[in-house]
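What follows is each chain in one-letter form.
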Amino acid sequence: MYLTSIPNRNSPPAILLRESYREDGKVKTHTLANVTNWNPAVVEAMRSALKGEFLLNESALIAKASSLSGFHDKKYRKQPTNYSCGAV
């Protein structure tokens, strides 16, 4: 598996997650996902991980995990919905 960048004429390049394989002696590719809309830092982390390079140490992983647990913020809370029928 690898990430590749495919140029487009009038738009930014498409970044694709692909795998390659052989069929009848020819190398073929299969696109697994289009990751163009991913955050560029995530794309680079994925590219490094696919190469076997893990750039984060244990303290960085803990900091990242704690930053992802921000769902207690008001902007992520589900707003209460009032389903009452009113006065009957």
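Attention here is on the structure that accompanies the text.

What counts, and at which threshold
- Residues numbered from 1 in each chain as written.
- Predicted model: local features only at pLDDT ≥ 70, side-chain atom pairs only at ≥ 80, totals over all residues.
- Heavy atoms only, no water.
- Helix = DSSP H or I, 4+ residues; strand = E, 2+ residues; numbered from the N terminus.
- Contact = heavy atoms within 4.5 Å.
- Patch = residues over 30% accessible without salt bridge, like charges linked within 9 Å, V, L, I, M, F, W, Y side chains within 5 Å.
- Areas by Shrake-Rupley, 256 points an atom, 1.4 Å probe, with all protein chains shown as cover.
- Salt bridge = Lys/Arg side-chain N within 4 Å of Asp/Glu carboxyl O.
- Buried < 20%, exposed > 50% of the residue type's maximum accessible area, 1.4 Å probe, protein only.
- Pairing = 2+ DSSP bridges.
- Axes fitted to C-alpha atoms, helices over the stretch in contact; angles between N-to-C directions.

Looking at the environment of Val43
Structurally, Val43 can be placed in helix α1 (residues 40-50). In this structure Val43 touches Leu3, Ile15, Val35 and Trp38, once residues within four positions along its chain are discounted.

Some points on a nonpolar patch on the surface
Together, Met1, Leu32 and Leu50 make up a nonpolar patch on the protein surface, roughly 270 Å² of accessible area in all. Here Leu50 lies in helix α1. Judged by its relative accessible area of 31%, Leu50 falls in the partly exposed class.

Points about the sheet that holds strand β3 (residues 26-34)
Across the sheet, which stays open at both edges, the three strands sit in the order β1-β2-β3 with antiparallel pairing between neighbours. Each edge of the open sheet carries a strand with a single partner, namely β1 (2-6) and β3. Mean inter-strand twist for the sheet, computed between neighbouring axes without regard to direction, equals 45°. In this sheet, strand β2 (residues 14-23) lies alongside β1 in antiparallel orientation, the contact comprising five bridges. Residue pairing across strands places Ser5 opposite Ile15, the latter belonging to β2. Contacts from α1 reach β1 and β2 within the one sheet, and its direction differs from that of β1 by about 135°.

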